Amino acid sequence: MTETSEKNRITLVLGATGGVGGAVARALAAHGWAVRARVRDVAAAKAGWKTPAAMPHFIRGDALVQADVVRAATTDGTAEVIVHAVNPPGYRDWDTLVLPMIDNTIAAAQAAGGARVVLPGTVYNY
């Protein structure tokens, strides 16, 4: 894919304030993608973002609330890619929270017309 064809393409990154999600968000922005990031606290996310030139458009919401994830993927243009790099709040309750969060991401991808879901692997749930 050329840089020109990547311009104006939209991606949604869930977990953009974390290590993997943040690295993916910065890399996509550097390649011309419009990056949205669904975060719980927009002010904290902006304050903690280390590369202002690649700052995503932060959207307040919760990965545990399907309407929040769908809204982030579909408002003002639809996301072509959704990066699911999110962890349960406080890294607790993996057994009850991981599946609802990925279900919400899948619902958002469907609402966005079949966005591609990227799920970075993790060992946290083991």
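Below or above, wherever it landed, is the structure these notes cover. Starting from 1, residues in each chain are numbered consecutively following that chain's sequence as written. Local features are withheld for residues below a pLDDT of 70 in this predicted model, meaning they are given only at 70 or higher, and side-chain atom pairs are given and counted only at 80 or more; totals for whole chains, interfaces and linings count all residues. Here the side-chain values reflect all heavy atoms present in the structure, with hydrogen atoms and water set aside.

Only DSSP runs of H or I covering at least 4 residues are called helices, and only runs of E covering at least 2 are called strands; the numbering of each starts at the N terminus. Check the secondary structure of the protein and you find five helices and five strands. Walking the protein from its N terminus toward its C terminus, one meets helices and strands in the order α-β-α-β-α-β-α-β-α-β. The rule is simple: take the accessible area with a 1.4 Å probe, protein chains only, and divide by the maximum for that residue type; under 20% is buried, over 50% is exposed, in between is partly exposed. Within the protein, the proportion of its 126 residues that are buried is 41%. Accessible surface for the protein amounts to roughly 7,000 Å². Of this, 55% is attributable to carbon and sulfur atoms. Counted as positive: Lys and Arg. Counted as negative: Asp and Glu. His and the chain ends are not counted at all. Charged side chains are reduced to one point each, which is NZ for Lys, CZ for Arg, CG for Asp and CD for Glu. Each charge class in the protein was averaged separately, 12 positive and 10 negative side chains, and the resulting centres sit 5 Å apart. Accessible surface is estimated by sampling points in the Shrake-Rupley manner with a 1.4 Å probe; for residues, cover comes only from the protein chains shown.

This part takes up the nonpolar core. Nonpolar cores are built from buried Ala, Val, Leu, Ile, Met, Phe, Trp, Tyr and Cys residues. Side-chain atoms within 4.5 Å join them into one set. Within the largest apolar cluster, 16 residues are counted, with the highest numbers of intra-cluster contacts made by Leu 12, Leu 14, Ala 73, Ala 79 and Ile 82. Mapped by element, the contributors of at least two residues to this core are strand 1 (10-14), helix 4 (66-74) and helix 5 (94-111). Beyond its immediate chain neighbours, meaning those up to four positions away, Leu 12 contacts Arg 36, Ala 37, Arg 38, Val 69, Ala 72, Ala 73, Ala 79, Val 81, Ile 82 and Val 83. Judged by nonpolar contacts, the second largest core, of 14 residues, contains Val 13, Leu 28, Ala 37 and Trp 49. Should any heavy atoms of two residues lie within 4.5 Å, those residues are counted as being in contact.

Time to look at helix 4. Burial in helix 4 covers these residues: Asp 68, Val 69, Ala 72 and Ala 73. On an axial view of helix 4, the arc spanned by its buried residues comes to 125°, and they lie on one face. One or two residues past the end of helix 4 sits Asp 76, with phi positive at roughly 60°. In this description, the arc belongs to the directions extending from the helix axis to the C-beta atoms.

In what follows, salt bridge is the name for a side-chain nitrogen of Lys or Arg lying within 4 Å of a carboxyl oxygen of Asp or Glu. Inspection of the entire model under this criterion finds two salt bridges. With a shortest N-O distance of 2.4 Å, Arg 9 and Glu 80 are connected by a salt bridge. With Arg 9 in the loop between helix 1 (3-6) and strand 1 and Glu 80 in the loop between helix 4 and strand 4 (81-84), this residue pair connects regions lying 71 residues apart in the sequence. In this structure, Asp 68 and Arg 71 form a salt bridge, with 3.6 Å as the shortest nitrogen-oxygen distance.

To continue, consider the sheet that holds strand 3 (residues 57-60). Read from one edge of the open sheet, five strands run 3-2-1-4-5, paired in parallel fashion. Every interior strand has two partners, whereas the edge strands, strand 3 and strand 5 (116-118), have only one. Pairwise comparison of adjacent strand axes, ignoring direction, gives a mean angle of 25° for this sheet. Only strands joined by at least two bridges in the DSSP assignment are considered to pair. Pairing analysis gives four bridges linking strand 2 (residues 34-39) to strand 3, with the strands arranged parallel. What sits directly across from Val 39, in strand 3, is Arg 60. In this analysis an axis means a line fitted to C-alpha atoms, helices contributing only their contacting stretch, and an angle means the value between N-to-C directions, from 0 to 180 degrees.

This part is about the packing of helix 4 against helix 5. The geometry of helix 4 relative to helix 5 is characterised by a closest axis approach of 8 Å and an angle of 35° between their N-to-C directions. Read as a crossing pair, helix 4 and helix 5 show a hand that is right-handed. In this structure, helix 4 contributes Gln 66, Val 69, Val 70, Ala 73 and Thr 74 to the contact, and helix 5 contributes Asp 103, Asn 104, Thr 105, Ala 107, Ala 108 and Ala 111. Gly counts as polar in this scheme, as do all residues outside two lists: the nonpolar Ala, Val, Leu, Ile, Met, Phe, Trp, Tyr, Cys and Pro, and the charged Asp, Glu, Lys and Arg. In the contact of helix 4 with helix 5, the residues fall into six nonpolar, four polar and one charged. Crossing chirality is assigned from the near helix's rotation relative to the far helix, an anticlockwise turn below a right angle marking it left-handed and a clockwise turn marking it right-handed.

Interpretation note: all reported values are geometric properties and have no functional meaning in isolation.
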